[in-house]
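Chain residues, written in single-letter form:
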Amino acid sequence: MLWSGAITFGLVHVPVELHPAAQRHQLDLDLLDRRTMDPVGYQRVNKKNGKVVPWADIVKGYEYQKGRYVVLDEDDFKHANPKATQTVEIACFVRPAEVPLFFYDTPYYLVPGKRGEKTYALLREAMRQTGLIGIATVVIQTKQHLAAVVPAGRLLLLDTLRFVDEIRDARGLAAPAEGTKAAGLSAKELDMALQLIKSMAEAWRPERFHDTYKDDLLARVKAKIKAGRTKAVEEPAKSETTEQRPSAEIVDLVALLKNSLHKPVARSRAQAARKRGSSRACSNTATSAISARRPSRAEGKRAAPRTLCAL
């Protein structure tokens, strides 16, 4: 639990506890001296005398003039605004579609506090029936955040949002003009793209996805261990590690879309044939079609799963 406080909206006060809702899974890599393989630590060095400073002697300071600081301690952070540090204060309710995805940052669980179950449930169900989410401000650790309060099953989810001045202006970035005509798209190209997207649409199943890059990196670690650590691992053949990237030449979009549409059809037919268990199911025609379209083992690891974002 990060802290206990309350959600407030209008005159309603909902006791809650804030819990992290996300966790990161990364490889724990150490820094080493290439010459001796000795571990290299992170040092907190005094920039003036070059000496290492222990954590007990480190404080946080605000530079109000060049070279002059005001030191802030934990009491300063806690008592700067006690209400802000213990309250999720909902300012308004909006439709979820009105908040662009790039505003969302980090999720947290809001759990009802003691004797707060009924008002918690009341807020959750009222938001669910109206289809609205709460826009609030909250202080987490030493930073104030904009946040969205969203019903998620039995719980309320608090997802921190970026303030508008934290979003970079995209006007200077190059991109095709909006609209099919302005972007130079033909009706046939658009129709084929719509067919492909509809054929790949499916229910959201997050358990299907995981960090394949971490798996591949661990496989290399294991290969180096097996090779005795000091021996170089032989690089796999180019065809196993490198996808064939499209060239910069102008391509026929309609032909590519047609091939993409046929690909899942051939695969589903082959799967149906295997289920029937017929010895005649894998005819020469079907076998050649599958082998021509099925990605290699390495490509399969990197290929995006069949979702709307794969186009």
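Values in this document were obtained by computation on a predicted structure and should not be read as measured data.

1. Brief notes about the environment of Val94
Its place among the elements puts Val94 in strand S7 (residues 87–94). Distance in space between the C-alpha atoms of Val94 and Thr130 is 9.9 Å, their sequence separation being 36 residues. Beyond its immediate sequence surroundings of up to four residues, Val94 is in contact with Val99, Leu132, Ile133 and Ile135.

2. Quick word on the packing of aromatic side chains
Enumeration over the complete set of coordinates arrives at three aromatic pairs. Their ring planes at 20° and their centres at 5.8 Å tell us that Trp204 and Phe209 sit as a pair that is stacked. Overall, the relative accessible area of 66% leaves Trp204 in the exposed class.

3. Regarding helix H2 (residues 117–130)
In this model H2 runs 20 Å from its N-terminal to its C-terminal C-alpha over 14 residues, within 8% of the 20 Å that 1.5 Å per residue would give. The set of residues buried in H2 consists of Tyr120, Leu123, Arg124 and Met127. In an axial view of H2, the angular spread of the buried residues amounts to 95°, which keeps them on one side of the axis. Facing away from the buried side of H2 by over 90 degrees, the exposed positions are Lys118, Leu122, Gln129 and Thr130. At the C-terminal side of H2, Gly131 shows a positive phi close to 75°.

4. Some details on the pattern of salt bridges
Here the structure, examined in full by the defined rule, presents eight salt bridges. A salt bridge links Glu125 to Arg124, with the shortest nitrogen-to-oxygen separation between them at 2.8 Å. Judged by its relative accessible area of 29%, Glu125 falls in the partly exposed class.

5. Here we look at helix H4 (residues 212–226)
With 15 residues, H4 extends 21 Å between its outermost C-alpha atoms, agreeing within 8% with the 21 Å of an ideal straight helix rising 1.5 Å per residue. Positive phi shows up at Gly228, right after H4, with a value of about 95°.

6. Comments concerning unusual backbone geometry
The phi torsion of most residues other than glycine is negative, and most of the peptide bonds are trans. Even without glycine at this site, Arg115 takes up a positive phi of about 60°. As for its position among the elements, Arg115 is in the loop between strand S8 (104–112) and H2.

7. A short note on the sheet that holds S7
Read around the barrel, seven strands follow the order S1-S2-S8-S11-S10-S9-S7 and close on themselves; strand pairing throughout is mixed. On average, each strand axis in the sheet is tilted by 40° relative to the strand beside it, whichever way the strands run. Sheet topology note: the strand S1 (residues 3–9)/strand S2 (residues 12–20) ladder contains seven bridges and is antiparallel. Bridge pairing links Ile7 to Val14 in S2.

8. Focus: the nonpolar core
Ile7, Val88, Leu110, Val149, Leu156 and Leu158 are the most contacted members of the largest nonpolar core, which totals 20 residues. Among the secondary structure elements, those contributing two or more residues to this core are S1, S2, S7, S8, H2, strand S9 (133–140), strand S10 (143–152) and strand S11 (155–161). If sequence neighbours within four positions are ignored, Val149 has contacts with Val88, Ile90, Leu110, Met127, Ile133, Gly134, Ala136, Leu156, Leu157 and Leu158.

9. Examining a negative patch on the surface
Taken together, the side chains of Asp73, Glu74, Asp75 and Asp76 present a region of like negative charge at the surface. Structurally, Asp76 is set in helix H1 (residues 74–79). Using a relative accessible area of 34% as the deciding quantity, one classes Asp76 as partly exposed.

10. Let's talk about the confidence of the model for the protein
Looking at the protein as a whole, the pLDDT averages 77, with 75% of positions reaching at least 70. Considering only residues more than four positions removed or in separate chains, one finds that residues 277–311, a stretch of pLDDT under 50, has 40 contacts.

11. So, the pairing of S7
In this sheet, S7 lies alongside S1 in parallel orientation, the contact comprising three bridges. Bridge pairing in S7 links Thr8 to Glu89. Sheet analysis places S7 next to S9, joined by five bridges and oriented antiparallel. Its bridge partner lying in S9, Val94 is registered against Ile133.

Rules and cut-offs
- Residues numbered from 1 in each chain as written.
- Predicted model: local features only at pLDDT ≥ 70, side-chain atom pairs only at ≥ 80, totals over all residues.
- Heavy atoms only, no water.
- Helix = DSSP H or I, 4+ residues; strand = E, 2+ residues; numbered from the N terminus.
- Contact = heavy atoms within 4.5 Å.
- Phe/Tyr/Trp six-rings, centres within 6.5 Å; stacked < 30°, edge-to-face > 60°.
- Buried < 20%, exposed > 50% of the residue type's maximum accessible area, 1.4 Å probe, protein only.
- Expected span 1.5 Å × (residues − 1).
- Arc of directions from axis to C-beta.
- Salt bridge = Lys/Arg side-chain N within 4 Å of Asp/Glu carboxyl O.
- Pairing = 2+ DSSP bridges.
- Axes fitted to C-alpha atoms, helices over the stretch in contact; angles between N-to-C directions.
- Core = buried A, V, L, I, M, F, W, Y, C linked by side-chain atoms within 4.5 Å.
- Patch = residues over 30% accessible without salt bridge, like charges linked within 9 Å, V, L, I, M, F, W, Y side chains within 5 Å.
- Areas by Shrake-Rupley, 256 points an atom, 1.4 Å probe, with all protein chains shown as cover.
- Lys, Arg positive; Asp, Glu negative; His and termini not counted.
- Charge placed at Lys NZ, Arg CZ, Asp CG, Glu CD.
- pLDDT = per-residue confidence, 0-100.

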